[in-house]
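The primary structure of each chain is shown beneath.
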Amino acid sequence: PERLTPVRRFEPMLSMSTVSEDGCSSLASPWGLVEPYDFPDTGRGLRCVRAVAEGEELLAVPLEECWHEMAARRAPELAALADASLSETDAIALHLLLERAKGDGSERAAHLRSMPPVYDSTLFWSEAELAHLRGSDWLDLARRFAEELEADWAALQSQPAVAALLSRHGLGIEAYRWAYATVKSRAAEVGMGDEKKRLLAPRFDMFNHSTAVAPGSSHGYDEARQQLVVVAAAPYGAGEQAFISYGGASNGSLLLGGGFALRRNRFDAVEVTLTAKCDARRWLLLMMLAPEAPPPSQEEPPNFEYLQAPDQEQLRDGPKPFVTRHLLTAANPLPPALLAYVRAERLSDVELEAYEKKAKAAGTPLWEALRSPAPLDAALDLAALAALRRVLADKLDAYPTTAEQDEAFLDKAEPDAGAAHE
């Protein structure tokens, strides 16, 4: 999981007083128009030092101050590992650990001191703590995330030069876990040229997340200035906390990557996977039931995906599973495509033939009739909705606690410092 989803190409809307004629920021303080502050609801964040307008530049961090793959590979001890196989995450993580080992002698000591010594992400959870995720898909994903870390560490240890470097500095897997979590939770993924790169930037990494900020609108990399730039996503008053967007992330993604969740998150969704029998006769119908692809956007994640769609050649050997994934959100609890596929799955061969004849007589393709909000047939819709109800009831029964118990627990819990804003 990533803290930040890839952002659109950044086009800052800056006030004329913010940028000089040579294109460089004229903000006098390295903190720009924000400063650190401990808020009662979100913990440490950044507040505005004066009133700012929407689109005004809040902060600009030069690339040379950021941790990133290119800087890591230029570090003397890592440059000596030119033949080693290091991922972007590994390069930055090792750079963090090598600089942290220098203590106050590191040029980056101030930034390192500002980083959390521990994280609440699931990478640090015990099995008993992970059990609280039972019933959700996030339990398997949390375990897979931890397994990926273990595999990355094993790959580093398998390279003699890298293993020697780690041993020389007394760096074990727990130190690596901290650095790995730091990169995953605090680095921004931005467009640099034609590539996406991670930047771990001082000061910037203290911004908290708000779902009120449109993903991709609050920050990005300015190629001309070679700076990571943050602009105000809304008008802010003096002393008011400024937020950025970590992307269209659900609570599960925020928990795995950042160690926090929101009481209400508009990007939360319930995943329903449907499997239908597909033969040569039903293939076109099942393909055409898919919704039209929405325009590219980070505002809302796509609520439909083919997971397994056989082609006609594969169907020559007989029927195959046709698997689709549907996301149910508070704003769209019953997507038309979900209802359409459940309706189609309930049709027997005899019923399919009958409905095809009716649709043909009406001059309407059967897939359009199945996608219509209006019931194709009352009995068919009752059967379809009953089947869907059973699927959702089974998902609810898999959770160890009820929604009411979870709400009561949250009411008693203290606010999670450093989390985010809804």
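See above for the structure.
Predicted, not measured: the structure shown is a model, and the values here were computed from it.

A. The overall build of the protein chain, seen in detail. Along the backbone of the protein chain there are 15 helices and 13 strands. Every one of the 422 residues in the protein chain was classed for burial, and the buried ones make up 44%. For the protein chain, contacts bridging at least 24 residues in sequence account for 72% of all contacts bridging at least 6. Counting every atom, the protein chain has about 21700 Å² of accessible surface; 54% of that belongs to carbon and sulfur.

B. View of the packing of aromatic side chains. According to the stated counting rule, one finds 11 aromatic pairs in the structure shown. Ring centres 6.1 Å apart and planes at 45° place the aromatic pair Phe145 and Tyr180 in the tilted group. Separated by 35 residues along the polypeptide, Phe145 in helix α6 (residues 137–157) and Tyr180 in helix α8 (residues 173–186) bring together distant segments of the chain. Each member of the pair, Phe145 as well as Tyr180, is classed as buried. Seen from their ring centres, Tyr176 and Tyr180 are 5.7 Å apart, and the 50° between their planes marks the pair as tilted. Of this pair, Tyr176 and Tyr180 are both found in helix α8, four residues apart, which corresponds to roughly one turn of the helix. Summarising the burial analysis for this pair, Tyr176 and Tyr180 share the class buried. Over the ring of Trp178 we find Arg100, and its NZ or CZ is 4.1 Å from the ring centre.

C. Highlighting the sheet that holds strand β12 (residues 320–328). The sheet built from three strands is open, its strands ordered β10-β12-β11 with antiparallel pairing. Sheet topology places β10 (270–278) and β11 (304–308) at the edges, where each strand pairs with a single neighbour. Between one strand and the next, the sheet's axes are offset by a mean angle of 25°, whatever the strand orientation. The sheet contact formed by β11 and β12 spans four bridges and is antiparallel. Opposite Phe304, over in β12, you have His326 as the bridge partner.

D. Highlighting α6. Its 21 residues place the ends of α6 31 Å apart at the C-alpha level, agreeing with the 30 Å of an ideal helix rising 1.5 Å per residue. Buried within α6 are the following residues: Leu139, Ala142, Phe145, Leu149, Trp153 and Leu156. Seen end-on, α6 carries its buried residues on one side only, within an arc spanning 130°. Buried residues in α6 make contact with α3 (88–101), α5 (127–130), α7 (160–168), α8 and α9 (251–258).

E. Representation of the packing of α6 against α8. In the contact formed by α6 and α8, the axes pass within 11 Å of each other and the chain directions differ by 120°. Considering the angle they form, α6 stands oblique to α8. Considering only the axes of α6 and α8, their crossing is right-handed. Where α6 abuts α8, its residues Phe145, Glu148, Leu149, Glu150, Asp152, Trp153 and Leu156 lie against Ile173, Tyr176, Arg177, Tyr180 and Lys184.

F. Quick look at the nonpolar core. If you look at the biggest cluster of nonpolar residues, it comprises 41 residues, and the most contacted ones within it are Leu78, Leu96 and Trp178. Elements that contribute at least two residues to this core include exactly α3, α6, α7, α8 and α9. In contact with Trp178, other than residues within four places in its own chain, are Leu96, Leu97, Arg100, Leu112, Met115, Pro116, Pro117, Tyr119 and Phe124. In terms of nonpolar packing, the next biggest core, distinct from the first, is built from 32 residues, Cys66, Phe243, Tyr246 and Phe260 among them.

G. Structural detail: the side chain of Asp90. Following the sequence through the fold, Asp90 ends up in helix α3. For the buried Asp90, no salt bridge exists, and the shortest N-O distance to an oppositely charged side chain is 8.1 Å, to Arg73. In this view, Asp90 contacts Asp152, Leu156 and Tyr176; residues no more than four positions away in its chain are not counted.

H. Broad picture of helix α14 (residues 378–397). The end-to-end C-alpha separation of α14 is 28 Å, in line with the 28 Å expected for 20 residues at 1.5 Å each. Among the residues of α14, Leu380, Asp381, Ala384, Ala387 and Leu388 are the ones counted as buried. Down the axis of α14, the buried set is contained in an arc of 130°. They therefore lie on one face. Residues of α14 that are exposed and angled more than 90 degrees away from the buried face: Ala378, Ala379, Leu382, Arg389, Leu396 and Asp397.

I. The packing of helix α11 (residues 336–346) against α14, seen in detail. Between α11 and α14, whose axes approach to 9 Å, the crossing angle comes to 110°. Our classification of the angle between α11 and α14 gives roughly perpendicular. Here Leu338, Leu339, Val342, Arg343 and Arg346 of α11 lie close against α14, whose contacting residues are Leu380, Asp381, Ala383, Ala384, Leu385, Ala387, Leu388 and Arg390. Split by residue class, the contact of α11 with α14 holds nine nonpolar, no polar and four charged.

Conventions adopted
Residues numbered from 1 in each chain as written. Predicted model: local features only at pLDDT ≥ 70, side-chain atom pairs only at ≥ 80, totals over all residues. Heavy atoms only, no water. Helix = DSSP H or I, 4+ residues; strand = E, 2+ residues; numbered from the N terminus. Buried < 20%, exposed > 50% of the residue type's maximum accessible area, 1.4 Å probe, protein only. Contact = heavy atoms within 4.5 Å. Areas by Shrake-Rupley, 256 points an atom, 1.4 Å probe, with all protein chains shown as cover. Phe/Tyr/Trp six-rings, centres within 6.5 Å; stacked < 30°, edge-to-face > 60°. Lys NZ or Arg CZ within 6 Å of the ring centre and 35° of its normal. Pairing = 2+ DSSP bridges. Axes fitted to C-alpha atoms, helices over the stretch in contact; angles between N-to-C directions. Expected span 1.5 Å × (residues − 1). Arc of directions from axis to C-beta. Parallel < 35°, antiparallel > 145°, perpendicular 65-115°, else oblique. Left-handed = near helix turned anticlockwise from the far one by under 90°. Core = buried A, V, L, I, M, F, W, Y, C linked by side-chain atoms within 4.5 Å. Lys, Arg positive; Asp, Glu negative; His and termini not counted. Salt bridge = Lys/Arg side-chain N within 4 Å of Asp/Glu carboxyl O. Nonpolar A, V, L, I, M, F, W, Y, C, P; charged D, E, K, R; others polar.

Function cannot be read off these values alone, since they describe shape.
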